[in-house]
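Descriptive structure summary
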Amino acid sequence: RGTVKIKGELISKMSEKQLAVFRQKHIGFVFQSYNLIQGMTAVENVAMPLMFRRVSRKKREEAAREMLKQVGLGERMDHRPNEMSGGQQQRVGIARAFVTNPEVVFADEPTGNLDTKTTKEVMEMFLRFAREKGTTIILVTHDRSLAEYCDRIVTISDGRIISNEGHRHAKAIQDPPAAPAEEPKPEEPADAAKTPAAKTPDFDSPNVNPVELGHVEVSRTPDGKIDPTQIVDPAVAGDWEEQGCRG
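Being a predicted model, the structure only gives us computed values, none of them experimental.

1. Side note on the overall build of the chain
The number of helices and strands found in the chain is 8 helices and 7 strands. By residue count, 31% of the 247 residues in the chain fall in the buried class. At a minimum sequence separation of 6, the contacts of the chain that also span at least 24 residues come to 54%. Element-wise, carbon and sulfur atoms account for 51% of the exposed surface of the chain, whose accessible area totals about 17,000 Å².

2. Here we look at the sheet that holds strand E3 (residues 27–31)
Note: strands within a sheet are paired through backbone hydrogen bonds, in either parallel or antiparallel orientation. Here 3 strands make up an open sheet; going across it, the order is E3-E4-E5 and the pairing parallel. In the strand order of this sheet, the two ends are held by E3 and strand E5 (136–140), each with one partner. In this sheet, adjacent strand axes meet at a mean angle of 15° when their direction is disregarded. One ladder, built from 5 bridges, connects strand E4 (residues 104–108) with E5; its direction is parallel. Pairing of Ala-107 across the sheet is with Leu-139, part of E5. Running at roughly 85° to E3, helix H1 (residues 16–26) makes contact with E3 and E4 of the sheet. Along the sheet face, helix H4 (residues 86–98) touches E3, E4 and E5 and points at about 170° away from the line of E3.

3. Observations regarding helix H2 (residues 42–51)
Helical geometry note: an α-helix holds 3.6 residues per turn, so side chains three or four residues apart project in the same direction. All of the buried residues along H2 are Ala-42, Val-43, Asn-45, Val-46, Ala-47 and Leu-50. Summarising the contacts, the buried residues of H2 are in contact with helix H3 (57–70) and H4.

4. Overview of unusual backbone geometry
Of note, the phi angle at Tyr-34 is positive, near 75°, even though the residue is not glycine. We note that Glu-109 has phi near 45°; this positive angle belongs to a residue other than glycine. For Glu-109, the location among the structural elements is in the loop between E4 and helix H5 (116–133). The class for Glu-109 is buried, based on a relative accessible area of 13%.

5. Comments concerning the confidence of the model for the chain
Confidence in the prediction of the chain, expressed as mean pLDDT, is 76, and 68% of residues score 70 or more. Across the chain, element-level confidence peaks in H2 with a mean pLDDT of 96 and bottoms out in helix H8 (residues 234–242) with 40. For the stretch residues 171–189, pLDDT sits under 50, and the model shows 10 contacts to residues farther than four places along the chain or on other chains. Across residues 231–247 the pLDDT falls below 50, and counting only partners more than four positions away or on other chains, this stretch makes 19 contacts in the model.

6. Some details on the packing of aromatic side chains
Within this structure, the stated rule accounts for 3 aromatic pairs. Considering the side-chain rings of Phe-98 and Phe-129, the 4.8 Å spacing of their centres and the 40° angle between planes classify their relative orientation as tilted. Here Phe-129 lies in helix H5 and Phe-98 lies in helix H4, a separation of 31 residues in the sequence. An aromatic cluster of at least three residues, connected via ring pairs, comprises Phe-29, Phe-31 and Phe-106. In this structure, Arg-128 is placed above the aromatic ring of Phe-129, and the distance from its NZ or CZ to the ring centre is 4.9 Å.

7. Some thoughts on the layout of surface pockets
Of the voids in this model, the largest pocket is the one considered here, and its volume is about 1,000 Å³. Ile-138, Leu-139, Val-140, Arg-152 and Val-154 are the residues nearest the centre of the largest pocket, which is lined by 27 residues in total. When contributions to the lining of the largest pocket are tallied by element, the ones reaching two or more residues are H5, E5, helix H6 (144–147), strand E6 (152–157) and strand E7 (160–166). Residues of the lining of the largest pocket, tallied by class, amount to 15 nonpolar, 7 polar and 5 charged. What the second largest pocket holds in volume is close to 400 Å³. When residues of the lining of the second largest pocket are traced back to their parent elements, those giving at least two are H1, E3, H2 and H4. It is E3 that provides the largest number of residues to the lining of the second largest pocket, a total of 4 residues. A class-by-class count of the residues in the lining of the second largest pocket yields 8 nonpolar, 5 polar and 3 charged.

Here is what the cut-offs are and how they apply
- Residues numbered from 1 in each chain as written.
- Predicted model: local features only at pLDDT ≥ 70, side-chain atom pairs only at ≥ 80, totals over all residues.
- Heavy atoms only, no water.
- Helix = DSSP H or I, 4+ residues; strand = E, 2+ residues; numbered from the N terminus.
- Buried < 20%, exposed > 50% of the residue type's maximum accessible area, 1.4 Å probe, protein only.
- Contact = heavy atoms within 4.5 Å.
- Areas by Shrake-Rupley, 256 points an atom, 1.4 Å probe, with all protein chains shown as cover.
- Pairing = 2+ DSSP bridges.
- Axes fitted to C-alpha atoms, helices over the stretch in contact; angles between N-to-C directions.
- pLDDT = per-residue confidence, 0-100.
- Phe/Tyr/Trp six-rings, centres within 6.5 Å; stacked < 30°, edge-to-face > 60°.
- Lys NZ or Arg CZ within 6 Å of the ring centre and 35° of its normal.
- 1 Å grid on protein atoms, 1.4 Å probe; cavity = no way out; pocket = protein on both sides within 12 Å on 5 of 7 lines; lining within 4 Å.
- Points joined across faces, edges and corners; volume = space filled by probe spheres on them.
- Nonpolar A, V, L, I, M, F, W, Y, C, P; charged D, E, K, R; others polar.

Here is the structure:
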C-alpha cells in the first residue's frame, strides 16, 4: 500500500482526531450534493468552518458575507438552500470551502448535478480562486472535459494509478490571452458626407426610369406597373438561358 502526505505530514497514519484537526487547519471540501445545512442561511453555512476555529460570530459572518460576494451571491446571503438553485447552492459550497483560506481544496464531482452553463461558471470560479489564493485544487471526476481544466491529470483505474502527466493545455485556460484589440473602423472618404445614399427604386411607380436601375432591364404590365417576374440582369441573362432558368 502507498502513503499520503500533505504539507509533509503523513496523514494516512493519523488518528481520526488528528485528521479532524488537520482538515480544519489546511483542507477545504466541495461536494457533488452540496452538503449544506438546510435550516441555515447561506451566511451561516459559509461561516460554519470558522466556528470550529473559535472565530467570533461577528468576524466569521463578516468573512462569510465577503466570500458570498466573491461568488456572486451578494443578494442571496439570507436565503436557505431550498430557496436557491443548484448552481447557487454549489456557489455557497465553494464559498464555504475557501472561507478558511485552505492550502488544498478537494472537489468531489463538484459539477455532477449542474447544467453545462453552470458547470463552466463553477470551474472558472475554481480557477480564479486557485490563482488569487494560491490554493491547490484536487478535482475528482469521471468527466474528461472537467479534467481538461487541470494542469496535471492523474488517471486511476481499479485503485491503481495508470498515468500521471502534466497537462500543458490547462496553462492556456488558467492564463487566458488578452482580449483581441478592437479592429479600427475603416476611414470614410472625405466627401462621404456629401455623397447621397443610393435610393432603392420604387418598382410600383409608373414613373421609374430604367436608367435608375443601372443595367437591369425591366418590362411593364398592361396597367403600367413594372412586372417583377420579368426583371433581367443582362450580365447573367445568358447563364440563365443556358440553364433554362429565364422566366
